[in-house]
Amino acid sequence: MGRGRHSGIEATLKAMQVAYVQYNPAYLDVEQNLKQVEALLEGIEADLIVLPELFASGYFFRSRADLEAVAEPIPDGPTTQWMIDRCRQTGAVLVGGLPERDGDRFYNSAVVVGPEGLIGRYRKVHLFYEEKLHFSPGDLGFQVFEVTDRKGQPYRLGVMICFDWYFPEAARTLALQGADVIAHPSNLVRPDCPRAMPIRALENHVFTITANRYGAESNGHETLRFIGRSLICDPSGRVLHEAPPEGDQVGLTEIEPQEARNRRITPYNDLFEDRRPDCYRLS
């Protein structure tokens, strides 16, 4: 479940391994896509792995019928169950996107799973382009989940999906709830996100992990081209790892989540304590 920033986790964490997966999924071929991701993760030892948005289904749906063919309940659908099985085998936490079916509604969702099963879900708040034709806007808000690495050390994990990056309020909301790391499953087509994510990391003093796909996909009358360039950023805005525009890659790096805890900029300034909500007009 989501927890706030004052949840009692002490800043004693040590280094953990985090990774993104970048690849080019086949449209509507869930079984084959799961096999491909399984192959990419062979031998990878990581505490947290972030997979792309809609990573097993494809993205640019040609029809409502195509979406219905691959939409899944959470946690009983094949994608979430595959993720849980993978976590039980490796001890990792996985975050990945899938089309969620809930009654007669469909959501562009991401699940957070661990060795014990489903930890939580996030439904995309800011729908992009023709997503608005197929999905309902997310209704669960932005949440931060308390999770542990393979050594049992706790940290706080926030989740947003793709186009949420365009809205600074999304990452700020997660940071204000105490996120140490923001997982960012994506299917990016705009070229500017890789420039923006270091700023999101810097202005909120958090780690960010963007997992994107590459390749192209057509809905029958238009083709979208995905930009790749998955990346991991640290709280200073430094890019720790970035993938090329094309090609399969598992980007693996080491972080220390406690680096996100101290938001003091100078002896007189703290990133959050210096905020002046009384002066901001946000609506």
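Residues numbered from 1 in each chain as written. Predicted model: local features only at pLDDT ≥ 70, side-chain atom pairs only at ≥ 80, totals over all residues. Heavy atoms only, no water.

K.L.:
Help me understand helix 3 (residues 78–90) in this model?
P.N.:
Note on helix geometry: an α-helix contains 3.6 residues per turn, so any two residues three or four positions apart are oriented the same way. Helix length check: helix 3, at 13 residues, gives a terminal C-alpha distance of 18 Å against a target of 18 Å (1.5 Å per residue), a fit within 8%. Within helix 3, burial applies to Thr-79, Thr-80, Trp-82, Met-83, Ile-84, Arg-86 and Cys-87. Immediately beyond the C-terminal end of helix 3, within one or two residues, lies Gly-91, with a positive phi of roughly 85°. (Helix = DSSP H or I, 4+ residues; strand = E, 2+ residues; numbered from the N terminus. Expected span 1.5 Å × (residues − 1). Buried < 20%, exposed > 50% of the residue type's maximum accessible area, 1.4 Å probe, protein only.)

K.L.:
What's the story with the side chain of His-134 in this structure? I'm lost.
P.N.:
Within the secondary structure, His-134 is located in helix 4 (residues 131–134). Judged by its relative accessible area of 13%, His-134 falls in the buried class. Excluding residues that lie within four positions of it along the chain, His-134 makes contacts with Phe-61, Ser-63, Arg-64, Leu-67 and Phe-106. (Contact = heavy atoms within 4.5 Å.)

K.L.:
Explain the sheet that holds strand 14 (residues 249–255) to me, please; I cannot follow it from the model alone.
P.N.:
Sheet strands pair by backbone hydrogen bonding; their relative direction is either parallel or antiparallel. Reading across from one edge, 5-4-3-2-1-14 is the order of the 6 strands in this open sheet, with mixed pairing throughout. Edge strands, defined here as strands with exactly one partner in the open sheet, are strand 5 (117–123) and strand 14. Sheet twist, expressed as the average angle between the axes of neighbouring strands with direction ignored, equals 30°. Of the strand pairs in this sheet, strand 4 (residues 105–114) and strand 5 are connected by 6 bridges, and their pairing is antiparallel. Within the sheet, the bridge partner assigned to Val-111 lies in strand 5 and is Arg-121. Sitting on the sheet, helix 3 touches strand 3 (93–102), strand 4 and strand 5, and the angle it makes with strand 3 is about 160°. (Pairing = 2+ DSSP bridges. Axes fitted to C-alpha atoms, helices over the stretch in contact; angles between N-to-C directions.)

K.L.:
It is not clear to me how the confidence of the model for the protein chain should be interpreted in this structure. Could you clarify?
P.N.:
Atomic detail in the predicted coordinates should be set aside for any region of low pLDDT. When pLDDT is averaged along the protein chain, the result is 95; 95% of the residues meet or exceed 70. Low pLDDT (under 50) marks residues 1–11, which in the prediction has 28 contacts with non-local residues, meaning those over four places away or in another chain. (pLDDT = per-residue confidence, 0-100.)

K.L.:
What should I look at first to understand the packing of helix 1 (residues 30–40) against helix 3 in this one?
P.N.:
A packed helix pair is summarised by two numbers, namely the angle formed by the two axes and the spacing between the axes. At a minimum axis distance of 11 Å, the contact between helix 1 and helix 3 shows a crossing angle of 20°. In terms of orientation, helix 1 and helix 3 fall into the roughly parallel class. Like other packed secondary-structure pairs, helix 1 and helix 3 cross with a definite hand, here right-handed. Facing helix 1, whose interface residues are Val-30, Leu-34, Val-37 and Glu-38, helix 3 presents Pro-78, Thr-79, Trp-82, Arg-86 and Gln-89. The residue inventory of the contact of helix 1 with helix 3, partitioned by class, reads 5 nonpolar, 2 polar and 2 charged. (Parallel < 35°, antiparallel > 145°, perpendicular 65-115°, else oblique. Left-handed = near helix turned anticlockwise from the far one by under 90°. Nonpolar A, V, L, I, M, F, W, Y, C, P; charged D, E, K, R; others polar.)

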